[in-house]
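Observations on chain architecture
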Amino acid sequence: MIKKILISQPAPATGKSPYDELKEKHSLDVVFHPFIKVVPVTEREFRDQRVGILDHSAVVFTSRHAIDNFFRLCKEMRIKLPEEMKYFGISENIILYIQKYVLYRKRKAFFSPTGKAADLLPSMLKHKTERFLIPQGNIHADELTCLMDAKGLKHTECVMYHTVSNDFTDGTTLSDFDAIVLFTPSGVRSLVENFPNWEQGDTKLICFGDTTVAAVSGTNLRLDYAPDKASTPSIVGALDAYVSEQNK
């Protein structure tokens, strides 16, 4: 039986959440506790990378953390971005999030219609004379840069934030949970680092994403459920199906 689940993400913003229906339907106790946290690099740390933001004519964003820290550093370094700067995002949601910091004309913003790096490439190739800046974390995938290299696109990567394990100082005991849900390889690493002596026992480990599943395979952890994206595109929907099956 699954009655208590640990979700390794921040709690949803105030208001009704899909997790509320899940809790009510199965009488679940759902606890949110991020396994990782983002630590911004300082202005000095960024300058040590010897990357000139204004030496680039386009910026490529793969996450909201990259957006937040890019514009934070621009503000701290008193960099005024030119109106001609182009913005590329791994998804439409990423591009829309940029508007939190800057207004841009639609012809200066481009995104992958599928959320996949390969499908962002056609837009970049239409602007192949640009010099692309890719702000990212210390832990990142190389798929996009490999694709850009293959097409001869000029680009520079820079680290603007670090993803680190989130300390558990509240006395959390993993054995109190019937299931733990992980979403990233960093979350897997944090679990291993923070609880090196934890014995999984009957606790179910649920992982979302191929890279998360791969990270678990390199540990002593047992993977109990990895939802298929095609059949269960919704995280809450996947958890609903799994809990229903386990609690028969």
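The structure this text deals with has already been given above.
Just so we're clear, the structure is a prediction, and the values are computed from it rather than from any experiment. The residue numbering used here restarts from 1 in each chain and proceeds along that chain's sequence as written. Reporting in this predicted model follows two pLDDT cut-offs: at least 70 for local features of residues, and 80 or more for side-chain atom pairs to be given and counted; totals over whole chains, interfaces and linings ignore these cut-offs and use all residues. Excluding hydrogens and water, the side-chain figures rest on all heavy atoms present in the structure.

1. Some words on helix α6 (residues 143-150)
Those residues of α6 that fall on the buried side of the exposure criterion are Leu144, Thr145 and Met148. On an axial view of α6, the arc spanned by its buried residues comes to 95°, and they lie on one face. Looking at the buried side of α6, the elements it contacts are β4 (58-61), α5 (121-125), β7 (131-137) and β8 (154-165). Going along the chain from the N terminus, every DSSP run of H or I of four or more residues is numbered as a helix, and every run of E of two or more is numbered as a strand. Among the residues trailing α6, glycine 152 stands out with phi positive, at a value near 75°. Type-normalised accessible area, obtained with a 1.4 Å probe on protein chains alone, sets the label of each residue: buried when under 20%, exposed when over 50%, and partly exposed for intermediate values. Here the arc refers to the set of directions running from the helix axis out to each C-beta atom. The criterion used for residue contact is that any of the two residues' heavy atoms lie within 4.5 Å.

2. Quick notes on the sheet that holds strand β10 (residues 204-207)
By the convention used here, strands pair only if DSSP detects at least 2 bridges between them. An order of β2-β1-β9-β10 is seen for the 4 strands of this open sheet, with the pairing classed as parallel. Taken across any chain shown, the strands that pair with only one partner, and hence form the sheet edges, are β2 (29-32) and β10. Sheet twist, expressed as the average angle between the axes of neighbouring strands with direction ignored, equals 20°. Across 4 bridges, the pairing between strand β9 (residues 179-182) and β10 is parallel. Looking at β10, one finds that leucine 182 is bridged to cysteine 207. Simply put, an axis is a line fit to the C-alpha atoms, just over the touching stretch for a helix, and the angle between two N-to-C directions goes from 0 to 180 degrees.

3. Considering the side chain of asparagine 247
Secondary-structure assignment places asparagine 247 in the segment after α9 (235-246). Polar contact is defined as a pair of N or O atoms within 3.5 Å, subject to the rule that within protein one atom must be able to donate a hydrogen and the other to accept it, and that residues adjacent in sequence are counted only when both atoms are side-chain atoms. Within the structure, the side chain of asparagine 247 is placed 2.7 Å from the backbone nitrogen of isoleucine 2, a separation counted as a polar contact. Not counting residues up to four positions away in its chain, the partners in contact with asparagine 247 are Met1 and Ile2.

4. Comments concerning helix α7 (residues 185-194)
Every buried residue belonging to α7 is among Ser186, Gly187, Val188, Ser190 and Leu191, and all of these are buried. As for α7, its buried residues are in contact with β3 (36-40), β8, β9, β10 and α8 (210-217).

5. Quick word on the sheet that holds β4
Paired through their backbone hydrogen bonds, the strands of a sheet run either parallel or antiparallel. The strand order β3-β8-β7-β4-β5-β6 describes an open sheet built from 6 strands, whose pairing is mixed. Each edge of the open sheet carries a strand with a single partner, namely β3 and β6 (109-111). Within this sheet the neighbouring strands show an average axis-to-axis angle of 25°, counted without direction. One ladder, built from 3 bridges, connects strand β5 (residues 86-89) with β6; its direction is parallel. Paired with phenylalanine 88 across the two strands is phenylalanine 110, which belongs to β6. Sheet contacts for α6: β4, β7 and β8; angle to β8, the most-contacted strand, approximately 170°. Contacting β3 and β8, α7 runs over the sheet at an angle of about 35° to β8.

It is worth stressing that arrangement in space is one thing and function is another; only the former is reported here.
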